[in-house]
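An overview of the molecular structure
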Amino acid sequence: MMTKNRTDRFWDMASARLTLPVGGKLVTSQIVLVDDGYGNRISPAASDLSADNLTNVTSPVSSVAPAGTASQFKLVGETDGCREVFFAYIPSRLRAELISIEFTLEDRALNVRQIRTTLNRKLKPRATSATE
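All of the points below concern the structure found in this document. (Residues numbered from 1 in each chain as written. Predicted model: local features only at pLDDT ≥ 70, side-chain atom pairs only at ≥ 80, totals over all residues. Heavy atoms only, no water.)

**What to know about the overall build of the protein chain**
Helix and strand content of the protein chain: 0 helices and 11 strands. Walking the protein chain from its N terminus toward its C terminus, one meets helices and strands in the order β-β-β-β-β-β-β-β-β-β-β. Sorting the 132 residues of the protein chain into buried and exposed places 32% on the buried side. By sequence separation, contacts in the protein chain at least 24 residues apart represent 65% of the contacts at least 6 residues apart. Carbon and sulfur atoms make up 51% of the accessible area of the protein chain, which totals about 9100 Å². (Helix = DSSP H or I, 4+ residues; strand = E, 2+ residues; numbered from the N terminus. Buried < 20%, exposed > 50% of the residue type's maximum accessible area, 1.4 Å probe, protein only. Contact = heavy atoms within 4.5 Å. Areas by Shrake-Rupley, 256 points an atom, 1.4 Å probe, with all protein chains shown as cover.)

Take a look at the structure:
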């Protein structure tokens, strides 16, 4: 997910919650980074994730600076844009046609203010044969 700030405030993403389908699970790739064998921390392939310890809520690391802020280092929270990868585990028995994730953003000012925004996307079902 790409976040772009268009306000004059600093925002931190406090939480992300998978609201639909009920029974699905969500995790940010920042929590499940693995070593690639060359000393780099990377996101694993989605097929390597285990859903056993996941819930429908995760703790993102996304943070953005006020609109128009730029930094040569592109560190989280130092520019007005941020990218974060989320994995959703949706068991096939749920037969989901729609995914809905609610994000809670917090203003970093002393008068902490929260806003919520929801991302809704239709899912394209995978074709299956009668033998599966």
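Structure shown, so let's carry the discussion forward.
**Structural notes on the nonpolar core**
Core analysis: the largest hydrophobic core is formed by 12 residues, namely Trp-11, Met-13, Ala-16, Leu-18, Leu-26, Val-64, Cys-82, Phe-86, Ile-99, Ile-101, Phe-103 and Leu-105. Among the secondary structure elements, those contributing two or more residues to this core are β2 (11–20) and β10 (98–107). (Core = buried A, V, L, I, M, F, W, Y, C linked by side-chain atoms within 4.5 Å.)

**Some words on the environment of Asp-107**
Along the chain, the position of Asp-107 falls in strand β10. A sequence separation of 95 residues divides Asp-107 from Asp-12, and the C-alpha atoms of the two residues are 6.6 Å apart. For Asp-107, the side chain forms a polar contact with the main-chain nitrogen of Ala-109, separated by 3.0 Å. (Polar contact = N/O pair within 3.5 Å; in protein donor to acceptor, adjacent residues only side chain to side chain.)

**Topic: a nonpolar patch on the surface**
Judged by side-chain polarity, Leu-20, Val-22 and Leu-98 come together as a nonpolar surface patch covering roughly 260 Å² of accessible area. Within the element layout of this structure, Leu-20 appears in strand β2. (Patch = residues over 30% accessible without salt bridge, like charges linked within 9 Å, V, L, I, M, F, W, Y side chains within 5 Å. Salt bridge = Lys/Arg side-chain N within 4 Å of Asp/Glu carboxyl O.)

**Considering the pattern of salt bridges**
A full pass over the atoms with the stated rule returns 5 salt bridges. Asp-80 is the salt-bridge partner of Lys-4, the closest N and O atoms lying 2.9 Å from each other. Of this pair, Lys-4 sits in strand β1 (residues 2–4) while Asp-80 sits in the loop between β7 (63–64) and β8 (81–83), placing them 76 residues apart in sequence. For Asp-80, a relative accessible area of 11% corresponds to the buried category. For Arg-116, the salt bridge is made with Glu-102, and the minimal N-O distance between the two is 3.7 Å.

**As for the pairing of β2**
Bridge count for β2 against β7 is 2 bridges, and the pairing is antiparallel. Paired with Asp-12 across the strands is Ser-63, a residue of β7. Here β2 runs beside β10; their pairing, made up of 8 bridges, is antiparallel. By the bridge assignment, Asp-12 is partnered in β10 with Glu-106. Bridge count for β2 against strand β6 (residues 57–58) is 2 bridges, and the pairing is antiparallel. (Pairing = 2+ DSSP bridges.)

**Focus on the environment of Pro-44**
Structurally, Pro-44 can be placed in the loop between β5 (41–42) and β6. On a C-alpha basis, the gap between Pro-44 and Val-34 in space is 6.3 Å, while along the polypeptide they are 10 residues apart.

So, to be careful, I would describe these as geometric facts and stop short of saying anything about function.
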